Amino acid sequence: MDYTAWKLFIDVSELGSLTKAAAVHGTTQPHISRQIGELERACGGRLFQRTGRGVVLTELGRRIAPRIRSWITQTEQLANDIRATSGTPVGTVRIGILPSTAHPLASTLYHQLKQRYPLIQLIVREGQGAQLETWLDNGDVDLAVLYRHSPSPNHGDIYLAQVPTFLVGPPGDALTREGTVRFDVLDHLPLVLFCRPNSWRDRLDQVAAERGITLDVAAEADSLALQTRIVSDGGIYALLGPYAIAGANAQLRLQAARVVEPELSRHIALAMSRHGHLTLACRAVMKFIEEGAPGMW
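All of these numbers come straight from a predicted model, not from anything done at the bench.

Caption draft 1: The arrangement of the side chain of Ser 232 in detail. The residue Ser 232 is located in helix α8 (residues 224-232) in this model. Polar contacts involving the side chain of Ser 232 include one to the main-chain carbonyl oxygen of Arg 229, which spans 2.8 Å. Once you skip the residues sitting within four places of it in the chain, Ser 232 turns out to touch Pro 170, Leu 252 and Leu 254.

Caption draft 2: Quick look at helix α2 (residues 18-25). Every buried residue belonging to α2 is among Leu 18, Ala 21 and Ala 22, and all of these are buried. Down the axis of α2, the sector holding all buried residues measures 105 degrees, keeping them to one side. Residues Thr 19, Lys 20, Ala 23 and Val 24 are exposed on α2 and point more than 90 degrees away from its buried face. Summarising the contacts, the buried residues of α2 are in contact with α1 (3-15), α3 (29-43), β1 (48-51) and β2 (54-57). A distance of 3.2 Å separates the backbone nitrogen of Thr 19 from a side-chain oxygen at the start of α2, and that oxygen is part of Ser 17. Phi turns positive, to about 65 degrees, at Gly 26, one or two residues after α2.

Caption draft 3: Focus on the sheet that holds strand β12 (residues 255-260). One open sheet accounts for six strands, arranged β8-β12-β7-β11-β9-β10; its pairing is mixed. Every interior strand has two partners, whereas the edge strands, β8 (180-182) and β10 (216-220), have only one. On average, each strand axis in the sheet is inclined to that of its neighbour by 40 degrees, with strand direction left out of account. Bridging between strand β7 (residues 166-169) and strand β11 (residues 237-240) involves three bridges; their strand directions are antiparallel. Its bridge partner lying in β11, Leu 167 is registered against Leu 239.

Caption draft 4: Region of the structure containing the packing of α1 against α2. Running from N to C, α1 and α2 cross one another at 125 degrees; their axes reach a closest spacing of 8 Å. It follows from the interaxial angle that α1 and α2 lie oblique. Crossing angle aside, the handedness with which α1 passes α2 is right-handed. In this structure, α1 contributes Leu 8, Asp 11, Val 12 and Leu 15 to the contact, and α2 contributes Leu 18, Lys 20, Ala 21, Val 24 and His 25.

Caption draft 5: The arrangement of unusual backbone geometry in detail. Geometrically, the link from Arg 196 to Pro 197 is a cis peptide bond, its omega value of 0 degrees lying close to zero. For His 188, which is not glycine, the phi dihedral falls at a positive 60 degrees. Here His 188 lies in the loop between β8 and β9 (190-193). The class of His 188 is exposed, set by a relative accessible area of 53%. The phi angle at Glu 261 is positive, at roughly 50 degrees, despite the residue not being glycine. Within the secondary structure layout, Glu 261 lies in the loop between β12 and β13 (266-272).

Caption draft 6: Layout of the pairing of β2. Pairing geometry for β1 and β2, over four bridges, is antiparallel. Within β2, the residue paired with Arg 50 across the bridge is Val 55. Where β1 folds back onto β2 in an antiparallel hairpin, the turn is made up of two residues.

Caption draft 7: Focus on the sheet that holds strand β5 (residues 143-148). Spatial ordering of the open sheet is given by β4-β3-β5-β13-β6, a layout of five strands whose pairing is mixed. Unpaired on one side and paired on the other, β4 (120-126) and β6 (158-163) mark the two borders of the sheet. With direction set aside, neighbouring strand axes in the sheet form an average angle of 20 degrees. With five bridges connecting them, β6 and β13 associate as antiparallel partners. By the bridge assignment for β13, Tyr 159 is matched with Ala 269. Against the sheet, helix α10 (residues 280-291) contacts β3 (91-97), β4, β5, β6 and β13, and its axis sits at roughly 45 degrees relative to β3.

Caption draft 8: Highlighting the environment of Leu 280. Secondary-structure assignment places Leu 280 in helix α10. Among the residues examined, Leu 280 registers a relative accessible area of 25% and is labelled partly exposed. Note: C-alpha distance between Leu 280 and Thr 88 (192 residues apart in sequence) is 7.9 Å.

Caption draft 9: Expanded view of the pattern of salt bridges. Applying the stated criterion across every chain yields a total of 14 salt bridges. For Asp 157, the salt bridge goes to Arg 148, with nearest N and O atoms at 2.7 Å. According to the relative accessible area criterion, Arg 148 is buried, its value standing at 16%. Residue Glu 263 pairs with Arg 258 through a salt bridge whose shortest N-O separation is 2.4 Å. Judged by its relative accessible area of 28%, Arg 258 falls in the partly exposed class.

Thresholds applied
Each chain has its residues counted from 1, running along the sequence as written. A pLDDT threshold of at least 70 governs which residues receive local features in this predicted model, and a stricter bar of 80 or more applies before side-chain atom pairs are shown or counted, although totals over entire chains, interfaces and linings include all residues. Side-chain metrics in this entry use all non-hydrogen atoms of the structure; hydrogen atoms and water are not considered. A run of DSSP states H or I qualifies as a helix once it reaches four residues; a run of E qualifies as a strand once it reaches two. Both are numbered from the N-terminal end. Pairing of N or O atoms within 3.5 Å defines a polar contact, subject to two protein rules: one partner must be a possible hydrogen donor and the other a possible acceptor, and residues neighboring in sequence count only if both atoms are side-chain atoms. Between two residues, a contact is recorded if the distance between any of their heavy atoms is within 4.5 Å. Burial here depends on accessible area, computed with a 1.4 Å probe over protein chains only, as a share of the maximum for the residue type. Under 20% is buried, over 50% is exposed, and the range in between is partly exposed. Directions pointing from the helix axis toward each C-beta atom define the arc. Pairing between strands is defined by DSSP: at least two bridges between the two strands are required. The axes are straight lines fitted to the C-alpha atoms, using for helices just the contacting stretch, and the angles between their N-to-C directions are given from 0 to 180°. Roughly parallel covers angles under 35 degrees, roughly antiparallel covers those over 145, roughly perpendicular covers 65 to 115, and oblique covers all other angles. If you view the pair so one helix is near and one far, a crossing is left-handed when the near helix is turned anticlockwise from the far one by less than a right angle, and right-handed when it is turned clockwise. Think of a salt bridge as a Lys or Arg side-chain nitrogen and an Asp or Glu carboxyl oxygen that are within 4 Å of each other.

Next comes the structure, spelled out in structure tokens:
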């Protein structure tokens, strides 16, 4: 089995074009065509059928493509595992993050990891809390950085930082003019909050019930950009953390006051998927995040 030749077969099948494959591989279309022809002769049948828009797999090609793709993945993983035995972190690490932490985390990770661990490929996906939990449960991500509300970490989570919650309004707003605001001020105050299911919404409802106040959820939006835009127009408030506010203030002018009595602190946690084993590359990224790269938090 010639890895390079079969990798080319998969690339052509995904790109649907010999010309595009040639561009990716830095060669010419006739050269790609000759290599595919050699594979077809070795297989004893056509792998691709030409169309007016490129090429598509034949029945033979469709039958063998899943097994070839699996073999290539296993071969690449074997190569990574062999290199990892020397103590060099190598391979892909998939990490899910909250949009509010995307800038301090993802941007720092990319630059710092490139210098320290150049053989690690980082794949970052943004999502809200419930979505990140689903990705962890399904094994769609290896790691996730998300908010936790429990004072003590569970399920192997690593707490990275504790952050307060702010009531956010437009510039010049009377409620957020001072540095702090009591939680009871939220009684019947129009709010824009994240859509359910959302553990943060559950926590707010719990505190409101304990205080005997009513939260007026006037709007729901999972997009931080949309929430902050609505708030900046006036008449509605949001409850956000410091990173969300800092990111929004790069585009909008907002005014925020820390919520007190009670404090609504949350923990930024590093969680790991419970599917499969953590590779050396995953452990290296975890350690890097836990130690706190310069400028991350």
